[in-house]
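# Reading the structure
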Amino acid sequence: MKILHTSDWHLGHRLHEHSQHEEHALFLQWLADYISQNHIDVLLLAGDVFDTGAPSSQSLKLYYDFLVNLRKSNCHSVFITGGNHDAPGTLDAPKELLHALSVHVVGKATEVLSDEVFTVECNGEKLQVAAVPFLRDQDIRRAVAGESFDQITERYKQALMRHYHEAAGICQENASEKIVTIAMGHLFAIGGKVSDSEQSIYVGNLGDIGAEDFPETFGYMALGHLHRPQKVGGKDHIRYSGSPLTLSFSEVNQEKQVLAF
Ligand SMILES: [Mn+2]
């Protein structure tokens, strides 16, 4: 089974007031061709599909045209999670319609965690995906009156890791030697190198979530949020694909990429 990991498209982004629509259109055409020519079976898009919560009709058209275009390829399953730039409602509105096209969307943390875990089968191989979106504080824990800033930060981190560990627990119920388990995420992990174009995903720095905090159940972690492609904590299996387009001058010398494996 061949998988492609990408994130942070930021459709609709303007670079210093210059539209990047043409670049985005060319990227998506290239990506559709790449997926087709390289027989990619599964596409993972780990957040920040759009640059804003209310994308223009032009940006929406790029997105939907791309998804329809994929129908011509081998790619039989697509997983799309919400990032901090995405409005969960915008991504989730066509959820059922897209589900009918084997495009699985998780715009925000679901009420029942098992709704974020999917199993797909292809050529006798099985893949489990914990499609975890950007987790907002209010989505994963109940605030307590009078919390200090440090308490909020610590409790948010605990809730975040609990979310991943519970998702891993659900995956383990189906675990077998023949199943590959992958998680998605949109967050800042320790040691990550930032660019100028990522918006702080949370008040303060959740800088102490490291590679070792993620459950070992996941054979690969497809991350989004940081726009520079990189591994987390030197681990080959915990990666940021980075944004496909240059979104700020600080990224000029970065080699942009998607990850296929
Ligand atoms: Mn982003």
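Right above here is the structure, for reference.
A few points on the structure. (Residues numbered from 1 in each chain as written. Predicted model: local features only at pLDDT ≥ 70, side-chain atom pairs only at ≥ 80, totals over all residues.)

Here we come to the packing of helix H1 (residues 21-37) against helix H2 (residues 57-69). It is at 10 Å that the axes of H1 and H2 come closest, and there the two elements cross at 10°. Put simply, H1 runs roughly parallel to H2. For the pair H1 and H2, the contacting residues are His 21, His 24, Ala 25, Leu 28 and Ala 32 in the first and Gln 58, Leu 62, Phe 66 and Asn 69 in the second. Along the lines of polarity and charge, the residues of the contact of H1 with H2 split into five nonpolar, four polar and no charged. (Axes fitted to C-alpha atoms, helices over the stretch in contact; angles between N-to-C directions. Helix = DSSP H or I, 4+ residues; strand = E, 2+ residues; numbered from the N terminus. Parallel < 35°, antiparallel > 145°, perpendicular 65-115°, else oblique. Contact = placed C-beta atoms within 7 Å. Nonpolar A, V, L, I, M, F, W, Y, C, P; charged D, E, K, R; others polar.)

Position of Val 49 relative to the elements: it lies in the loop between strand S4 (42-46) and H2. Remark: the alpha-carbon pair of Val 49 and Leu 11, spanning 38 residues in sequence, is separated by 6.2 Å.

This part covers the pairing of strand S7 (residues 117-122). The pairing of S7 with strand S8 (residues 125-131) spans six bridges and is classified as antiparallel. Bridging across to S8, Thr 119 finds its partner in Gln 128. Connecting S7 to the antiparallel partner S8 that follows it, the hairpin turn spans two residues, and Asn 123 within it adopts a positive phi of roughly 50°. (Pairing = 2+ DSSP bridges.)

Any functional reading would require information beyond the geometric quantities listed.
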